[in-house]
Amino acid sequence: ITPEARISDFSVYPPEIAAKFAAIERKVLQGEEAVREDRLDGKLATRARLMPITLPDGSPGVVGSIIDITAIKEAEDRAEAMQAESASKSQFLANMSHEIRTPLNGVLGMAQALEQDNLSPEQRQKVDVMLDSGRTLMAVVNDILDLSKIDAHKLEIAPVNVDVHTGFRRTVDLFRSRAEEKGLTISLLLDIDVPQRLQLDPVRTRQCLANLISNAVKFTDKGGITVTVRMKGAGAGRMMEVAVADTGMGMTEEQVSRLFSEFMQADVSTTRKYGGTGLGLAITRRLARLMGGDVNVETSPGKGATFRLTMTAVEAAGEKTEDVRGPAAGAPPQRTVLTGRKVLLTDDNAINRKVAVMFMKPHGLLITEAANGQ
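Parameters at a glance
- Residues numbered from 1 in each chain as written.
- Predicted model: local features only at pLDDT ≥ 70, side-chain atom pairs only at ≥ 80, totals over all residues.
- Heavy atoms only, no water.
- Core = buried A, V, L, I, M, F, W, Y, C linked by side-chain atoms within 4.5 Å.
- Buried < 20%, exposed > 50% of the residue type's maximum accessible area, 1.4 Å probe, protein only.
- Helix = DSSP H or I, 4+ residues; strand = E, 2+ residues; numbered from the N terminus.
- Contact = heavy atoms within 4.5 Å.
- Polar contact = N/O pair within 3.5 Å; in protein donor to acceptor, adjacent residues only side chain to side chain.
- Pairing = 2+ DSSP bridges.
- Axes fitted to C-alpha atoms, helices over the stretch in contact; angles between N-to-C directions.
- Phe/Tyr/Trp six-rings, centres within 6.5 Å; stacked < 30°, edge-to-face > 60°.
- Lys NZ or Arg CZ within 6 Å of the ring centre and 35° of its normal.
- Parallel < 35°, antiparallel > 145°, perpendicular 65-115°, else oblique.
- Left-handed = near helix turned anticlockwise from the far one by under 90°.
- Nonpolar A, V, L, I, M, F, W, Y, C, P; charged D, E, K, R; others polar.

K.L.:
What's the story with the nonpolar core in this structure? I'm lost.
P.N.:
For soluble globular proteins, the rule of thumb is that nonpolar side chains tend to be buried together. Counting 43 residues, the largest nonpolar core has I213, M240, V242, V244 and F307 as its most contacted members. Broken down by element, this core gets its largest block of residues, six residues, from helix 7 (residues 202-218). Among all residues touching M240, those that are not within four sequence positions of it are V164, F168, L198, L200, V229, R230, M231, L309, T310, M311 and A313. I17, A18, I24 and A34 belong to the second-largest nonpolar core, a separate cluster that totals nine residues.

K.L.:
Explain the side chain of D146 to me, please; I cannot follow it from the model alone.
P.N.:
Here D146 shows up in helix 4 (residues 121-151). For D146, a relative accessible area of 10% translates into the label buried. Polar contacts involving the side chain of D146 include one to the side chain of Q207, which spans 2.7 Å. If we skip the residues at most four places from it in the chain, D146 touches L155, R204, Q207 and I283.

K.L.:
How should I be thinking about the sheet that holds strand 5 (residues 185-190) in this particular structure?
P.N.:
Pairing between the strands of a sheet is mediated by backbone hydrogen bonds and can be parallel or antiparallel. Strands sit in the order 5-7-8-10-9 across an open sheet of five strands; the sheet is mixed. The strands lining the two open edges of the sheet, one partner per strand, are strand 5 and strand 9 (294-299). Sheet twist, expressed as the mean angle between neighbouring strand axes with direction ignored, is 15°. Note that strand 7 (residues 224-232) and strand 8 (residues 239-246) share eight bridges and pair antiparallel.

K.L.:
It is not clear to me how the packing of aromatic side chains should be interpreted in this structure. Could you clarify?
P.N.:
The tally for this structure, following the rule as stated, stands at one aromatic pair. Where F260 meets F307, the ring centres are 6.4 Å apart and the plane angle is 75°; that geometry is what we call edge-to-face. Here F260 is found in the loop between helix 8 (253-257) and helix 9 (268-274), whereas its partner F307 is found in strand 10 (residues 305-312), with 47 residues between them in sequence. Like F307, F260 is buried. For the cation-ring pair, R285 lies above F260, with the distance from its terminal atom to the ring centre recorded as 3.8 Å.

K.L.:
I tried to follow the packing of helix 4 against helix 10 (residues 280-290) on my own but got confused; where do I start?
P.N.:
The packing of two helices is summarised by the inter-axis angle and the distance between the axes. One way to put it is that helix 4 packs onto helix 10 with a least axis distance of 10 Å and a crossing angle of 40°. The orientation of helix 4 relative to helix 10 falls into the category oblique. The element helix 4 and its partner helix 10 pack so that their crossing is left-handed. Contacts between helix 4 and helix 10 involve D143, D146, L147, I150 and D151 on the former and, on the latter, I283, R286, L287 and L290. Among the residues forming the contact of helix 4 with helix 10, the class breakdown is five nonpolar, no polar and four charged.

In structure tokens, the structure reads:
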């Protein structure tokens, strides 16, 4: 500040801020450039930029500009608050899902144990309803937990060598009886260029495929469902495309616009007639994008729908493979003689331990329980 100046930082700002500016200006006078952001009275936000100049008399000086960035800072604050709220919501959903799953596992475990007893037809019917209802609720809880994990960036994709041909056949077969009950056909077409083995996340691939086939069967009353698998692209950009086509009711453009939104379904009547959370397709799209692909739909009213799931697919090396669907249905478990073997069962939930004991005792195991790892 030159002696002739009538206004200084101390004339404009509170003393503590003016002193900081003065210290910055001294550095600028030595040839540095400085940018500083400040908040005044907790409301007004400013950004000051100071640069060294040479005055007409040859002496060093400072030229500065101050702009009002209050609107920018308010927008940043709102974004941070929304992000914190979203993280809090995701954590709450994860906690609630865990708290629901623990007792629900107990209900399902006990119902499965009852199923093995010598029940009357009426009692068996009641147990079947318990199991069906419990599994439906578990599917909803798992959807919410997956969504909260994705939102919290805690869901990881784990590619392994996968037997694609066998796995896809088994996944489709899971829905064959349900389709046949409705008088529908269901078929799988594997293009000749689809390798036997690819590197995929078998759990998430199966989840995406099952969601699409389940929806196709649910919303189709006549005709059938066709699952077509083919390869697209080449080299590092090679993708696998799975098309699930149905002959169902189809959708309008307006219905498609909200189809992949969370907790939304194509039509309000859908929830009343078919149930569900409206999370399946939203999660499928999120998972597909985590796997380097996407999910899109081609449809029109009365002409069915074709959902196209894509994901990165690298041809697998080596021999070890896992199944897209998991263990073969009906495959006999590999058991050794367990009678008299000792088992240490550790779980902090007494109900979980009780269910585990119930399933292990018939094998003659000697079980020691512990409520924690110590």
